[in-house]
Structures are given as C-alpha cells and as structure tokens.
Amino acid sequence: MEHDKHSAFLCSHVADGLRPVNLIAHERDHDWQFLCGEYDHGDDDCVLVCSACAFERFSDLSPYQTLEPGFLAECINGEWVISTFDH
Ligand SMILES: [Zn+2]
Ligand SMILES: [Zn+2]
C-alpha cells in the first residue's frame, strides 16, 4: 500500500481504539481529521498518520474518502450527516 502525502490527525481516543470515529473532516488544506467527536482533548491528544493509513484502518469510513475539502461528516444519533465547515 502507498502512503498518501496528506496527513490524517486521529484523536487519541480513536487512535487507541477507546472510542469510535464519530467525526471525519476533510480540511481545505487537504489534511483529514478522524475524531471521536467529544470535547475532552488536550493539546497533545492527537496522532498523526497519513490519510491512506487512516482509511485503511477505519475501512467502514471508506465512503467518505470522496468528501470534498471543506466538508465534514458527523455521526449524530447513529446517522452520518455531511456539512461544510462554515455553518
Ligand atoms: Zn500511510
Ligand atoms: Zn477523542
């Protein structure tokens, strides 16, 4: 598998497998975020991998590889909702 040139930031909870990914964001600079969606993160609470590795690890999120930059998908009450950053 090829590593991707774009970064993916995993919060420590999803990186450690403690929580599922509830928020996936494709930043305008093409970096990605895979987050648990909670708000209890410290400054160092993220793990950097490449986006290819992140999508390989969270293979159930592969439909969101097509998410355009500037969009995020958030799991709200079991439903994935896609929105833009500026809302
Ligand atoms: Zn990689
Ligand atoms: Zn987290």
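Refer to the structure above for everything that follows.
This one's a predicted model, so the numbers in the text were calculated from it and none came from an experiment.

Novice: Please give an account of the overall build of the protein that cites residues and values.
Specialist: If you tally the helices and strands in the protein, you get two helices and six strands. Overall, the protein shows an N-to-C arrangement of helices and strands of β-α-β-β-β-α-β-β. Compactness check: the protein gives a C-alpha radius of gyration of 12 Å against a globular reference of 12 Å for 87 residues, within 12% of the reference. Its C-alpha atoms give the protein principal-axis dimensions of about 35 × 25 × 25 Å. Going through the 87 residues of the protein one by one, you find that 21% of them count as buried. In the protein, of all internal contacts separated by at least 6 residues, the share reaching a separation of at least 24 is 61%.

Novice: Describe the pairing of strand 6 (residues 79–84), and please don't skip the residues or the numbers.
Specialist: For strand 6, the tally of buried residues reaches only zero of six residues, placing the bulk of the element at the surface. The pairing of strand 5 (residues 71–76) with strand 6 spans six bridges and is classified as antiparallel. Of the residues in strand 6, the one forming a bridge with Phe-71 is Thr-84.

Novice: Run through the environment of His-13, naming residues and quoting values.
Specialist: By secondary structure assignment, the location of His-13 is in helix 1 (residues 12–15). The class for His-13 is buried, based on 20 C-beta atoms found within 10 Å.

Novice: Got a sec to walk through the sheet that holds strand 6? Specific residues and values, please.
Specialist: Spatial ordering of the open sheet is given by 4-1-3-2-5-6, a layout of six strands whose pairing is mixed. Bordering the open sheet on either side are strand 4 (46–50) and strand 6, each of which pairs with just one other strand. Mean inter-strand twist for the sheet, computed between neighbouring axes without regard to direction, equals 20°.

Novice: Let's hear about the environment of Glu-56: which residues, and what values?
Specialist: As for its placement among the helices and strands, Glu-56 is situated in helix 2 (residues 51–57). When the C-alpha positions of Glu-56 and Met-1 are compared, they lie 9.4 Å apart, and in sequence the two are 55 residues distant.

Novice: Could you give me a rundown of unusual backbone geometry, with the residues and numbers involved?
Specialist: Negative phi values dominate among residues other than glycine, just as trans dominates among peptide bonds. Positioned with a positive phi, His-30 is a non-glycine residue whose angle comes to about 80°. Mapping His-30 onto the fold places it in the loop between strand 2 (23–26) and strand 3 (32–35). Classification of His-30 by C-beta neighbours within 10 Å gives exposed; the count is 12.

Novice: Mind laying out the nonpolar core, listing which residues take part and the relevant values?
Specialist: Of all hydrophobic cores here, the largest spans 15 residues; its most connected members are Val-14, Ile-24 and Phe-34. Every element with two or more residues in this core is listed here: strand 1 (7–11), strand 2, strand 3 and helix 2. Beyond its immediate sequence surroundings of up to four residues, Ile-24 is in contact with Trp-32, Gln-33, Phe-34, Leu-61, Tyr-64, Leu-72 and Ala-73.

Reading guide: rules and limits
Residue numbers here run from 1 along each chain, matching the order of that chain's written sequence. Written order determines the labels here, with chains lettered from A and ligands numbered from 1. Two thresholds apply to this predicted model, a pLDDT of at least 70 for residue-level local features and 80 or more for giving and counting side-chain atom pairs, whereas whole-chain, interface and lining totals are computed over all residues. Helix and strand assignments follow DSSP, with helices taken as H or I runs no shorter than four residues and strands as E runs no shorter than two, numbered in order from the N terminus. Two things to know: the radius of gyration comes from C-alpha atoms, and the globule rule equals 2.2 Å times the number of residues to the power 0.38. Counting other C-beta atoms within 10 Å of each residue's C-beta, where C-beta atoms are placed from the backbone, gives the exposure class: buried for 20 or more, exposed for 12 or fewer, partly exposed between. Here the contact rule is simple: place C-beta atoms from the backbone, and any two residues whose C-beta atoms are within 7 Å are in contact. Pairing between two strands requires that DSSP report at least two bridges joining them. Simply put, an axis is a line fit to the C-alpha atoms, just over the touching stretch for a helix, and the angle between two N-to-C directions goes from 0 to 180 degrees. Throughout this description, the term nonpolar core refers to a group of buried Ala, Val, Leu, Ile, Met, Phe, Trp, Tyr and Cys residues whose C-beta atoms join them within 7 Å.

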